[in-house]
Amino acid sequence: MNTATRSVFDGGFQDPPKDAARAFRAAMRAMARPGDLNTLTGATPPAPLSQAAAILLLTLCDPDTGVYLAGPCDCEAVRGWLRFHTGAPFVGPAQADFAVGAWDDLLPIDRFRIGTPEYPDRSTTLIVEMPLLDAQGAVLRGPGIKDRATLSLPDVRAMQDNSVLYPLGLDFFLTCADRVAALPRSTQITEV
Amino acid sequence: MSAYNFAYLDEQTKRMIRRAILKGLAIPGYQVPFASREMPMPYGWGTGGVQVSAATLTPEDTLKVIDQGADDTTNAVSLRKFFERTAGVPTTEETTKATVIQTRHRIPEVELGEDQILVYQVPIPEPLRFLEPRETETRKMHSLEEYGLMHVKLYEDISQHGAIATSYAYPVKVAGRYVMDPSPIPKFDNPKMEMAAIQLFGAGREQRIYAVPPYTQVVSLDFDDYPFEPTKADHPCDLCGAEDSYLDEVIMDDAGTRMFVCSDADYCRSRRDTGHTVTAIGGTV
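Engineer: Whenever I open this one, the interface of chain B and chain A confuses me. Can you help?
Structural biologist: Accessible area lost on assembly of the parts is the figure often given for the size of an interface. Contact residues are listed per partner, giving 42 residues for chain B and 42 residues for chain A. Here chain B packs against chain A, burying approximately 3500 Å² in sum over the two surfaces, 61% of which is carbon and sulfur. The interface formed by chain B and chain A holds six salt bridges in total. Among the salt bridges present, the one from B:Arg19 reaches A:Asp62, with a minimum N-O distance of 3.2 Å. Only helix H1 (11-26), strand S1 (32-33), helix H2 (47-56), helix H4 (135-143) and strand S7 (198-203) of chain B provide two or more residues apiece to the side of chain B that touches chain A. Among the elements that take part in the side of chain B that touches chain A, H1(B) stands out by supplying eleven residues, more than any other. When grouped by side-chain class, the residues that make up the side of chain B that touches chain A number 23 nonpolar, six polar and 13 charged.

What follows is the structure, given as C-alpha coordinates:
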(Lines give C-alpha, C1' and ligand atoms only; values in the text may rest on other atoms or scores of the structure.)
Protein backbone atom coordinates (compact mmCIF):
# COMPACT_ATOMS: atom_id res chain seq x y z
CA MET A 1 0.00 0.00 0.00
CA ASN A 2 1.28 3.43 -0.93
CA THR A 3 2.17 5.26 2.28
CA ALA A 4 1.29 8.62 0.74
CA THR A 5 -2.30 7.64 0.07
CA ARG A 6 -3.04 5.33 2.98
CA SER A 7 -5.27 6.50 5.78
CA VAL A 8 -5.82 5.19 9.28
CA PHE A 9 -8.86 3.34 7.97
CA ASP A 10 -6.80 1.05 5.75
CA GLY A 11 -5.09 -2.18 6.59
CA GLY A 12 -7.35 -3.69 9.25
CA PHE A 13 -9.11 -7.06 9.17
CA GLN A 14 -11.27 -7.70 6.09
CA ASP A 15 -13.75 -9.84 8.00
CA PRO A 16 -13.07 -9.08 11.68
CA PRO A 17 -14.98 -11.94 13.39
CA LYS A 18 -13.39 -14.66 11.28
CA ASP A 19 -9.97 -13.05 10.84
CA ALA A 20 -9.75 -12.45 14.58
CA ALA A 21 -10.80 -16.03 15.30
CA ARG A 22 -8.03 -17.38 13.07
CA ALA A 23 -5.50 -14.95 14.53
CA PHE A 24 -6.46 -15.91 18.06
CA ARG A 25 -5.98 -19.57 17.22
CA ALA A 26 -2.42 -18.83 16.13
CA ALA A 27 -1.79 -16.71 19.23
CA MET A 28 -3.24 -19.39 21.49
CA ARG A 29 -1.17 -22.12 19.84
CA ALA A 30 1.90 -19.94 20.38
CA MET A 31 1.13 -19.31 24.05
CA ALA A 32 0.19 -22.97 24.68
CA ARG A 33 3.40 -24.22 23.04
CA PRO A 34 6.25 -21.89 24.00
CA GLY A 35 8.82 -21.61 21.23
CA ASP A 36 6.41 -22.81 18.54
CA LEU A 37 6.47 -20.47 15.53
CA ASN A 38 3.09 -19.48 14.12
CA THR A 39 2.05 -17.21 11.27
CA LEU A 40 -0.27 -14.21 11.49
CA THR A 41 -1.49 -12.63 8.28
CA GLY A 42 -4.43 -10.54 7.11
CA ALA A 43 -3.62 -6.95 8.06
CA THR A 44 -1.28 -4.27 6.73
CA PRO A 45 -0.27 -1.98 9.58
CA PRO A 46 1.64 1.28 9.29
CA ALA A 47 5.41 1.15 9.84
CA PRO A 48 7.18 0.33 12.07
CA LEU A 49 4.61 -2.20 13.38
CA SER A 50 5.17 -5.72 12.12
CA GLN A 51 2.22 -7.60 10.69
CA ALA A 52 2.28 -10.13 13.52
CA ALA A 53 2.42 -7.51 16.29
CA ALA A 54 -0.36 -5.50 14.67
CA ILE A 55 -2.62 -8.54 14.32
CA LEU A 56 -2.08 -9.45 17.98
CA LEU A 57 -3.18 -5.93 18.92
CA LEU A 58 -6.20 -6.07 16.58
CA THR A 59 -7.19 -9.44 18.03
CA LEU A 60 -6.70 -8.73 21.74
CA CYS A 61 -7.04 -4.97 22.33
CA ASP A 62 -10.13 -2.83 22.69
CA PRO A 63 -11.31 0.09 24.87
CA ASP A 64 -10.82 -2.13 27.95
CA THR A 65 -7.06 -2.59 27.50
CA GLY A 66 -4.33 -0.03 27.98
CA VAL A 67 -1.61 -0.15 25.34
CA TYR A 68 1.92 1.19 25.77
CA LEU A 69 3.81 2.02 22.60
CA ALA A 70 7.57 1.98 23.09
CA GLY A 71 10.21 3.81 21.06
CA PRO A 72 9.58 4.37 17.35
CA CYS A 73 6.28 2.46 17.61
CA ASP A 74 4.94 5.51 19.42
CA CYS A 75 4.29 7.57 16.30
CA GLU A 76 1.20 9.30 14.98
CA ALA A 77 0.69 6.75 12.19
CA VAL A 78 0.55 3.83 14.64
CA ARG A 79 -1.50 5.74 17.21
CA GLY A 80 -4.08 6.79 14.67
CA TRP A 81 -4.32 3.32 13.18
CA LEU A 82 -4.71 1.55 16.54
CA ARG A 83 -7.13 4.20 17.79
CA PHE A 84 -9.42 3.62 14.83
CA HIS A 85 -9.15 -0.17 14.65
CA THR A 86 -9.09 -1.07 18.36
CA GLY A 87 -10.21 1.98 20.35
CA ALA A 88 -7.59 1.08 22.94
CA PRO A 89 -6.38 3.91 25.21
CA PHE A 90 -2.65 4.68 25.17
CA VAL A 91 -1.16 4.52 28.65
CA GLY A 92 2.17 4.52 30.45
CA PRO A 93 4.11 1.31 31.14
CA ALA A 94 2.82 0.94 34.70
CA GLN A 95 -0.82 0.84 33.53
CA ALA A 96 -0.32 -1.17 30.36
CA ASP A 97 -2.08 -4.44 29.64
CA PHE A 98 -0.13 -4.72 26.41
CA ALA A 99 3.18 -3.12 25.50
CA VAL A 100 4.69 -3.24 22.05
CA GLY A 101 8.12 -2.27 20.77
CA ALA A 102 11.67 -3.40 20.18
CA TRP A 103 13.41 -4.97 23.17
CA ASP A 104 15.73 -2.02 23.85
CA ASP A 105 12.78 0.37 23.73
CA LEU A 106 10.80 -1.71 26.24
CA LEU A 107 13.64 -1.67 28.80
CA PRO A 108 13.66 -1.57 31.75
CA ILE A 109 10.98 -4.25 31.92
CA ASP A 110 10.46 -3.88 35.67
CA ARG A 111 8.28 -0.89 34.76
CA PHE A 112 5.50 -3.27 33.80
CA ARG A 113 2.97 -4.95 36.07
CA ILE A 114 3.71 -8.55 37.05
CA GLY A 115 0.35 -9.23 38.72
CA THR A 116 -0.38 -9.73 42.42
CA PRO A 117 -0.14 -12.96 44.45
CA GLU A 118 -3.96 -13.19 44.49
CA TYR A 119 -4.36 -12.13 40.85
CA PRO A 120 -1.22 -13.08 38.90
CA ASP A 121 -3.19 -12.66 35.66
CA ARG A 122 -3.20 -8.88 36.12
CA SER A 123 0.14 -8.54 34.41
CA THR A 124 1.37 -6.95 31.22
CA THR A 125 1.78 -8.92 28.00
CA LEU A 126 4.83 -7.67 26.11
CA ILE A 127 4.87 -7.85 22.33
CA VAL A 128 8.54 -7.71 21.45
CA GLU A 129 9.44 -6.79 17.86
CA MET A 130 12.46 -8.87 16.89
CA PRO A 131 14.92 -8.24 14.05
CA LEU A 132 14.91 -11.99 13.50
CA LEU A 133 13.03 -14.84 15.06
CA ASP A 134 13.76 -18.50 14.62
CA ALA A 135 13.74 -21.76 16.49
CA GLN A 136 17.39 -21.58 17.51
CA GLY A 137 18.98 -20.30 20.66
CA ALA A 138 17.99 -20.66 24.29
CA VAL A 139 16.55 -23.99 25.43
CA LEU A 140 12.99 -23.89 26.76
CA ARG A 141 11.37 -26.42 29.07
CA GLY A 142 8.09 -26.42 30.96
CA PRO A 143 4.33 -26.51 30.43
CA GLY A 144 3.39 -26.79 26.75
CA ILE A 145 6.75 -28.23 25.71
CA LYS A 146 7.09 -31.95 25.07
CA ASP A 147 10.79 -32.32 25.86
CA ARG A 148 12.59 -29.16 24.93
CA ALA A 149 12.20 -26.32 22.46
CA THR A 150 14.66 -23.71 21.25
CA LEU A 151 13.97 -20.08 20.45
CA SER A 152 15.95 -16.93 19.74
CA LEU A 153 15.38 -14.62 22.70
CA PRO A 154 16.26 -10.92 22.98
CA ASP A 155 17.78 -11.29 26.47
CA VAL A 156 18.08 -14.71 28.10
CA ARG A 157 19.02 -13.36 31.53
CA ALA A 158 16.07 -10.97 31.77
CA MET A 159 13.66 -13.71 30.79
CA GLN A 160 15.17 -16.15 33.29
CA ASP A 161 14.70 -13.50 35.97
CA ASN A 162 11.08 -13.16 34.86
CA SER A 163 10.39 -16.88 35.12
CA VAL A 164 11.78 -16.93 38.67
CA LEU A 165 8.85 -14.70 39.65
CA TYR A 166 6.37 -17.47 38.74
CA PRO A 167 3.40 -17.51 39.21
CA LEU A 168 3.83 -13.75 38.86
CA GLY A 169 5.60 -12.28 35.89
CA LEU A 170 5.32 -10.95 32.38
CA ASP A 171 4.25 -12.94 29.34
CA PHE A 172 5.93 -12.34 26.00
CA PHE A 173 4.93 -12.57 22.39
CA LEU A 174 7.96 -12.33 20.12
CA THR A 175 7.11 -11.05 16.66
CA CYS A 176 9.03 -10.68 13.41
CA ALA A 177 7.29 -9.85 10.11
CA ASP A 178 4.34 -12.29 10.00
CA ARG A 179 5.72 -14.75 12.55
CA VAL A 180 4.98 -15.04 16.24
CA ALA A 181 6.22 -17.17 19.12
CA ALA A 182 5.37 -16.86 22.78
CA LEU A 183 7.25 -17.14 26.02
CA PRO A 184 4.96 -17.33 29.05
CA ARG A 185 6.28 -16.87 32.57
CA SER A 186 5.93 -20.62 33.18
CA THR A 187 8.81 -21.51 30.85
CA GLN A 188 12.22 -22.40 32.25
CA ILE A 189 15.07 -21.12 30.14
CA THR A 190 18.66 -22.32 29.87
CA GLU A 191 21.33 -20.75 27.76
CA VAL A 192 23.14 -23.04 25.32
CA MET B 1 -26.95 -17.57 10.55
CA SER B 2 -26.47 -14.06 9.21
CA ALA B 3 -28.54 -12.73 12.09
CA TYR B 4 -25.70 -13.65 14.46
CA ASN B 5 -22.11 -12.57 14.70
CA PHE B 6 -19.76 -15.47 13.97
CA ALA B 7 -20.00 -17.88 16.91
CA TYR B 8 -22.78 -15.90 18.61
CA LEU B 9 -20.76 -13.66 20.96
CA ASP B 10 -19.94 -10.06 20.09
CA GLU B 11 -16.31 -9.30 19.31
CA GLN B 12 -15.54 -7.37 22.47
CA THR B 13 -16.75 -10.26 24.62
CA LYS B 14 -14.64 -12.68 22.61
CA ARG B 15 -11.56 -10.50 23.06
CA MET B 16 -12.12 -10.41 26.82
CA ILE B 17 -12.45 -14.22 26.90
CA ARG B 18 -9.43 -14.65 24.63
CA ARG B 19 -7.27 -12.51 26.91
CA ALA B 20 -8.37 -14.65 29.86
CA ILE B 21 -7.53 -17.85 27.97
CA LEU B 22 -4.02 -16.60 27.17
CA LYS B 23 -3.36 -15.69 30.81
CA GLY B 24 -4.78 -19.06 31.83
CA LEU B 25 -2.34 -20.84 29.53
CA ALA B 26 0.53 -18.75 30.89
CA ILE B 27 -0.35 -19.72 34.49
CA PRO B 28 -1.49 -23.35 34.21
CA GLY B 29 -4.22 -24.26 36.69
CA TYR B 30 -4.81 -20.70 37.91
CA GLN B 31 -8.44 -19.53 37.71
CA VAL B 32 -8.68 -16.32 35.69
CA PRO B 33 -11.79 -14.25 36.47
CA PHE B 34 -13.78 -13.22 33.41
CA ALA B 35 -16.99 -11.27 32.79
CA SER B 36 -19.24 -14.21 31.96
CA ARG B 37 -22.21 -13.29 29.79
CA GLU B 38 -25.83 -14.35 29.87
CA MET B 39 -26.11 -17.13 27.34
CA PRO B 40 -29.28 -18.43 25.67
CA MET B 41 -29.23 -21.50 27.92
CA PRO B 42 -29.46 -21.86 31.70
CA TYR B 43 -26.49 -21.98 34.04
CA GLY B 44 -25.49 -25.60 34.51
CA TRP B 45 -25.93 -26.35 30.82
CA GLY B 46 -22.41 -25.47 29.88
CA THR B 47 -22.50 -21.68 29.60
CA GLY B 48 -18.81 -21.45 30.53
CA GLY B 49 -17.75 -24.08 28.03
CA VAL B 50 -19.95 -22.49 25.37
CA GLN B 51 -18.31 -19.09 25.86
CA VAL B 52 -14.82 -20.59 25.70
CA SER B 53 -15.75 -22.58 22.60
CA ALA B 54 -17.31 -19.51 20.96
CA ALA B 55 -14.13 -17.50 21.54
CA THR B 56 -11.97 -20.37 20.28
CA LEU B 57 -13.81 -21.64 17.19
CA THR B 58 -12.57 -20.73 13.72
CA PRO B 59 -14.59 -21.27 10.51
CA GLU B 60 -12.26 -24.19 9.64
CA ASP B 61 -12.99 -26.15 12.83
CA THR B 62 -15.03 -29.30 13.25
CA LEU B 63 -16.87 -29.41 16.55
CA LYS B 64 -17.80 -32.36 18.73
CA VAL B 65 -19.84 -32.01 21.91
CA ILE B 66 -20.12 -34.75 24.50
CA ASP B 67 -22.12 -35.00 27.67
CA GLN B 68 -20.83 -37.69 30.06
CA GLY B 69 -19.14 -39.25 27.03
CA ALA B 70 -22.24 -39.41 24.85
CA ASP B 71 -22.91 -37.39 21.70
CA ASP B 72 -26.64 -37.96 21.65
CA THR B 73 -27.86 -36.61 24.99
CA THR B 74 -29.96 -33.44 25.22
CA ASN B 75 -27.13 -31.16 26.34
CA ALA B 76 -24.74 -32.35 23.64
CA VAL B 77 -27.32 -32.21 20.86
CA SER B 78 -28.47 -28.71 21.85
CA LEU B 79 -24.98 -27.26 22.06
CA ARG B 80 -23.97 -28.84 18.76
CA LYS B 81 -27.05 -27.32 17.10
CA PHE B 82 -26.30 -23.98 18.71
CA PHE B 83 -22.87 -23.79 17.07
CA GLU B 84 -24.13 -25.20 13.76
CA ARG B 85 -26.55 -22.30 13.63
CA THR B 86 -24.42 -19.50 15.04
CA ALA B 87 -20.94 -20.38 13.76
CA GLY B 88 -21.82 -22.46 10.73
CA VAL B 89 -19.08 -24.95 11.60
CA PRO B 90 -19.42 -28.64 10.70
CA THR B 91 -19.98 -30.99 13.61
CA THR B 92 -19.04 -34.61 14.12
CA GLU B 93 -19.48 -37.41 16.59
CA GLU B 94 -16.11 -38.93 15.73
CA THR B 95 -13.43 -37.96 18.22
CA THR B 96 -10.60 -38.26 15.69
CA LYS B 97 -12.28 -35.92 13.18
CA ALA B 98 -13.00 -33.13 15.67
CA THR B 99 -10.65 -30.18 16.15
CA VAL B 100 -12.57 -28.65 19.04
CA ILE B 101 -14.30 -30.94 21.54
CA GLN B 102 -16.55 -29.46 24.19
CA THR B 103 -17.08 -31.90 27.01
CA ARG B 104 -19.19 -32.27 30.07
CA HIS B 105 -17.52 -34.53 32.62
CA ARG B 106 -15.48 -36.92 30.44
CA ILE B 107 -12.23 -37.11 28.50
CA PRO B 108 -12.58 -39.21 25.32
CA GLU B 109 -10.98 -42.66 25.46
CA VAL B 110 -9.01 -42.09 22.25
CA GLU B 111 -5.79 -40.21 22.83
CA LEU B 112 -6.11 -36.61 21.62
CA GLY B 113 -3.61 -35.03 19.24
CA GLU B 114 -1.71 -31.74 19.05
CA ASP B 115 -4.25 -30.18 16.70
CA GLN B 116 -7.17 -30.74 19.02
CA ILE B 117 -8.61 -28.53 21.74
CA LEU B 118 -10.63 -29.92 24.64
CA VAL B 119 -13.07 -27.48 26.27
CA TYR B 120 -14.46 -28.53 29.65
CA GLN B 121 -17.72 -27.34 31.14
CA VAL B 122 -17.07 -26.60 34.80
CA PRO B 123 -19.71 -26.19 37.52
CA ILE B 124 -17.52 -25.26 40.53
CA PRO B 125 -14.00 -24.26 39.46
CA GLU B 126 -12.63 -23.79 42.98
CA PRO B 127 -11.26 -27.11 44.33
CA LEU B 128 -11.20 -25.67 47.86
CA ARG B 129 -14.76 -24.30 47.77
CA PHE B 130 -16.40 -27.07 49.83
CA LEU B 131 -13.62 -26.79 52.40
CA GLU B 132 -13.59 -22.99 52.58
CA PRO B 133 -16.62 -21.08 51.30
CA ARG B 134 -15.03 -17.61 51.27
CA GLU B 135 -13.54 -16.55 47.94
CA THR B 136 -11.18 -14.10 49.69
CA GLU B 137 -9.75 -17.00 51.71
CA THR B 138 -9.42 -19.53 48.89
CA ARG B 139 -7.69 -16.91 46.76
CA LYS B 140 -5.23 -16.31 49.61
CA MET B 141 -4.70 -20.05 50.01
CA HIS B 142 -3.84 -20.37 46.30
CA SER B 143 -1.48 -17.39 46.50
CA LEU B 144 0.34 -18.92 49.49
CA GLU B 145 0.23 -22.40 47.96
CA GLU B 146 -1.49 -23.46 51.18
CA TYR B 147 -3.12 -26.74 50.23
CA GLY B 148 -2.94 -28.59 53.55
CA LEU B 149 -6.70 -28.52 53.87
CA MET B 150 -7.10 -30.56 50.70
CA HIS B 151 -4.82 -33.25 52.07
CA VAL B 152 -6.82 -33.25 55.31
CA LYS B 153 -9.94 -33.88 53.25
CA LEU B 154 -8.31 -36.82 51.46
CA TYR B 155 -7.03 -38.10 54.81
CA GLU B 156 -10.54 -37.94 56.27
CA ASP B 157 -11.70 -40.02 53.30
CA ILE B 158 -9.19 -42.67 54.32
CA SER B 159 -10.07 -42.54 58.01
CA GLN B 160 -13.79 -42.92 57.22
CA HIS B 161 -13.74 -45.31 54.27
CA GLY B 162 -10.33 -46.97 54.42
CA ALA B 163 -9.45 -45.51 51.02
CA ILE B 164 -9.65 -42.21 49.18
CA ALA B 165 -13.35 -42.30 48.35
CA THR B 166 -13.34 -39.19 46.16
CA SER B 167 -14.24 -40.64 42.77
CA TYR B 168 -14.83 -37.62 40.56
CA ALA B 169 -13.60 -34.01 40.47
CA TYR B 170 -10.48 -35.50 42.02
CA PRO B 171 -8.05 -32.64 42.82
CA VAL B 172 -4.87 -32.32 40.79
CA LYS B 173 -1.73 -30.20 41.09
CA VAL B 174 -0.77 -28.56 37.81
CA ALA B 175 2.84 -27.86 36.83
CA GLY B 176 3.86 -28.22 40.47
CA ARG B 177 2.04 -25.08 41.59
CA TYR B 178 -1.76 -24.70 41.49
CA VAL B 179 -4.25 -27.22 42.84
CA MET B 180 -7.02 -27.42 40.27
CA ASP B 181 -10.47 -28.93 39.98
CA PRO B 182 -10.41 -31.04 36.80
CA SER B 183 -14.22 -30.55 36.61
CA PRO B 184 -16.37 -33.54 37.62
CA ILE B 185 -14.61 -36.05 35.36
CA PRO B 186 -14.26 -39.52 36.89
CA LYS B 187 -10.85 -39.98 38.49
CA PHE B 188 -10.34 -42.70 35.86
CA ASP B 189 -9.75 -39.81 33.43
CA ASN B 190 -7.21 -37.92 35.55
CA PRO B 191 -4.09 -39.62 34.13
CA LYS B 192 -5.21 -38.64 30.60
CA MET B 193 -4.83 -34.94 31.43
CA GLU B 194 -1.14 -35.02 30.54
CA MET B 195 -2.01 -34.91 26.86
CA ALA B 196 -0.91 -33.38 23.56
CA ALA B 197 -4.06 -31.27 23.17
CA ILE B 198 -4.77 -27.86 24.69
CA GLN B 199 -7.24 -28.10 27.59
CA LEU B 200 -9.46 -25.12 28.37
CA PHE B 201 -11.93 -24.92 31.26
CA GLY B 202 -14.92 -22.57 31.41
CA ALA B 203 -17.18 -21.94 34.40
CA GLY B 204 -20.00 -19.60 33.35
CA ARG B 205 -21.91 -19.07 36.56
CA GLU B 206 -18.71 -18.84 38.63
CA GLN B 207 -17.03 -16.63 36.00
CA ARG B 208 -13.70 -18.39 35.82
CA ILE B 209 -11.52 -19.66 32.98
CA TYR B 210 -8.47 -21.85 33.42
CA ALA B 211 -6.24 -23.91 31.21
CA VAL B 212 -3.69 -26.69 30.97
CA PRO B 213 -1.21 -26.42 28.07
CA PRO B 214 -0.09 -29.59 26.26
CA TYR B 215 2.41 -31.89 28.00
CA THR B 216 1.92 -30.16 31.33
CA GLN B 217 2.52 -32.12 34.50
CA VAL B 218 -0.81 -32.94 36.14
CA VAL B 219 -0.50 -34.88 39.40
CA SER B 220 -3.49 -36.32 41.26
CA LEU B 221 -3.02 -35.61 44.96
CA ASP B 222 -2.41 -38.65 47.14
CA PHE B 223 -0.27 -40.10 49.94
CA ASP B 224 2.79 -42.36 49.75
CA ASP B 225 0.91 -45.16 51.53
CA TYR B 226 -2.41 -44.46 49.77
CA PRO B 227 -1.40 -43.76 46.18
CA PHE B 228 -3.84 -42.40 43.64
CA GLU B 229 -5.79 -45.11 41.83
CA PRO B 230 -7.89 -44.49 38.72
CA THR B 231 -10.94 -46.71 39.11
CA LYS B 232 -13.71 -48.05 36.91
CA ALA B 233 -16.39 -50.71 37.16
CA ASP B 234 -14.64 -54.10 37.21
CA HIS B 235 -16.37 -55.41 34.09
CA PRO B 236 -15.97 -55.37 30.30
CA CYS B 237 -18.36 -53.32 28.15
CA ASP B 238 -21.49 -55.40 27.43
CA LEU B 239 -21.71 -54.02 23.88
CA CYS B 240 -18.15 -53.93 22.54
CA GLY B 241 -16.24 -55.95 25.12
CA ALA B 242 -13.75 -53.17 25.88
CA GLU B 243 -11.89 -53.74 29.13
CA ASP B 244 -10.03 -50.43 29.14
CA SER B 245 -12.86 -47.91 28.92
CA TYR B 246 -14.87 -46.12 31.58
CA LEU B 247 -18.29 -47.74 31.98
CA ASP B 248 -21.82 -46.57 32.69
CA GLU B 249 -24.03 -48.86 34.71
CA VAL B 250 -27.46 -49.16 33.14
CA ILE B 251 -30.42 -50.51 35.12
CA MET B 252 -32.37 -52.88 32.84
CA ASP B 253 -35.44 -53.78 34.89
CA ASP B 254 -36.85 -53.63 38.42
CA ALA B 255 -35.35 -57.00 39.36
CA GLY B 256 -31.81 -55.73 39.68
CA THR B 257 -30.57 -56.62 36.21
CA ARG B 258 -27.98 -54.20 34.95
CA MET B 259 -25.51 -53.90 32.15
CA PHE B 260 -22.26 -52.01 31.77
CA VAL B 261 -21.60 -50.03 28.61
CA CYS B 262 -18.85 -47.66 27.52
CA SER B 263 -19.55 -44.12 28.63
CA ASP B 264 -17.70 -42.86 25.52
CA ALA B 265 -20.37 -43.55 22.89
CA ASP B 266 -18.09 -42.89 19.90
CA TYR B 267 -15.39 -45.22 21.25
CA CYS B 268 -17.93 -48.01 21.75
CA ARG B 269 -19.49 -47.55 18.32
CA SER B 270 -16.17 -47.41 16.49
CA ARG B 271 -15.11 -50.62 18.23
CA ARG B 272 -18.36 -52.37 17.25
CA ASP B 273 -17.95 -51.08 13.67
CA THR B 274 -14.55 -52.76 13.53
CA GLY B 275 -15.89 -56.12 14.64
CA HIS B 276 -15.62 -56.03 18.44
CA THR B 277 -18.78 -57.55 19.82
CA VAL B 278 -20.04 -59.46 22.79
CA THR B 279 -21.70 -62.74 21.80
CA ALA B 280 -24.71 -62.53 24.04
CA ILE B 281 -25.83 -59.00 24.86
CA GLY B 282 -27.53 -59.18 28.14
CA GLY B 283 -27.52 -57.92 31.63
CA THR B 284 -25.74 -59.14 34.67
CA VAL B 285 -27.62 -59.83 37.86
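Engineer: What's the story with the sheet that holds strand S5 (residues 138-141) of chain A in this structure? I'm lost.
Structural biologist: Through backbone hydrogen bonds, the strands of a sheet pair up, either in parallel or in antiparallel fashion. Residues and elements named next belong to chain A. The three strands are arranged S6-S5-S9 in an open sheet whose pairing can be described as antiparallel. Because the sheet does not close on itself, it has two edges, and the strands there are strand S6 (149-151) and strand S9 (188-190). Taken pair by pair, the neighbouring strands of this sheet meet at an average axis angle of 35°, ignoring direction.

Engineer: Would you explain the domain arrangement of chain B in this entry?
Structural biologist: All names here are of chain B. Domain boundaries assigned for chain B yield domain 1 (11-220) and domain 2 (232-285). Inspection of the domain 1/domain 2 interface yields one salt bridge. Between Arg 269 and Glu 93 there is a salt bridge, with the nearest N and O atoms lying 3.2 Å from each other. At the boundary of domain 1 and domain 2, one finds seven residue pairs in polar contact (both at pLDDT 80 or more). Grouping the amino acids of the side of domain 1 that touches domain 2 by side-chain chemistry returns five nonpolar, three polar and six charged.

Engineer: Got a minute to help me understand the environment of B:Pro90 in this structure?
Structural biologist: All names here are of chain B. Looking at where Pro 90 falls in the secondary structure, it is placed in the loop between helix H3 (74-86) and strand S3 (100-104). The sequence separation of Pro 90 and Pro 59 amounts to 31 residues, and the corresponding C-alpha distance is 8.8 Å. Non-local contacts of Pro 90, meaning those with residues more than four positions away in its chain, are made with Asp 61, Thr 62 and Leu 63.

Engineer: Honestly, the environment of B:Gly29 in this entry has me stumped. Any pointers?
Structural biologist: Its location among the elements puts B:Gly29 in the loop between H1 and S1. Sequence spacing of B:Gly29 and B:Val172 is 143 residues, and the spatial spacing of their C-alpha atoms is 9.1 Å.

Engineer: What am I meant to see in the packing of helix H1 (residues 16-32) of chain A against H1(B) here?
Structural biologist: For any two helices packed against each other, the geometry is given by the interaxial angle and the distance between the axes. Close contact between H1(A) and H1(B) brings their axes to 10 Å; oriented N to C, the two are set at 5°. Between H1(A) and H1(B), the angle falls in the class roughly parallel. Where H1(A) approaches H1(B), its residues A:Pro16, A:Pro17, A:Ala20, A:Ala21, A:Phe24, A:Ala27, A:Met28, A:Met31 and A:Ala32 are matched on the opposing element by B:Glu11, B:Lys14, B:Arg18, B:Ile21, B:Leu22, B:Leu25 and B:Ala26. For the contact of H1(A) with H1(B), the class distribution of residues is 13 nonpolar, no polar and three charged.

Engineer: Even after reading the chapter, I still don't get the sheet that holds strand S1 (residues 38-39) of chain A, so can you show me in this structure?
Structural biologist: Residue and element names in this part refer to chain A. If you walk across this open sheet you meet the six strands as S1-S8-S7-S4-S3-S2, and the pairing is mixed. Two strands bound the open sheet, and with one partner strand each, they are S1 and strand S2 (67-69). Sheet analysis places S1 next to strand S8 (residues 179-183), joined by two bridges and oriented antiparallel. Among the inter-strand pairings, Asn 38 is bridged to a residue of S8, identified as Val 180. Along the sheet, H1 contacts S1, strand S7 (171-176) and S8; its crossing angle with S7, the most-contacted strand, is approximately 120°.

Engineer: I would appreciate a short explanation of the side chain of B:Asp61 in the present structure.
Structural biologist: Among the secondary structure elements, B:Asp61 is positioned in the loop between H2 and strand S2 (63-67). B:Asp61 sits in the buried class, given a relative accessible area of 3%. Among the polar contacts made by the side chain of B:Asp61, one reaches the side chain of B:Thr99 at a distance of 2.7 Å. Not counting residues up to four positions away in its chain, the partners in contact with B:Asp61 are A:Arg25, B:Thr56, B:Val89, B:Pro90, B:Thr99 and B:Val100.

What counts and what doesn't
- Residues numbered from 1 in each chain as written.
- Chains lettered and ligands numbered in written order.
- Predicted model: local features only at pLDDT ≥ 70, side-chain atom pairs only at ≥ 80, totals over all residues.
- Heavy atoms only, no water.
- Contact = heavy atoms within 4.5 Å.
- Buried area = accessible area lost by both parts, 1.4 Å probe.
- Salt bridge = Lys/Arg side-chain N within 4 Å of Asp/Glu carboxyl O.
- Helix = DSSP H or I, 4+ residues; strand = E, 2+ residues; numbered from the N terminus.
- Nonpolar A, V, L, I, M, F, W, Y, C, P; charged D, E, K, R; others polar.
- Pairing = 2+ DSSP bridges.
- Axes fitted to C-alpha atoms, helices over the stretch in contact; angles between N-to-C directions.
- Domains from an automatic or database assignment.
- Polar contact = N/O pair within 3.5 Å; in protein donor to acceptor, adjacent residues only side chain to side chain.
- Parallel < 35°, antiparallel > 145°, perpendicular 65-115°, else oblique.
- Buried < 20%, exposed > 50% of the residue type's maximum accessible area, 1.4 Å probe, protein only.

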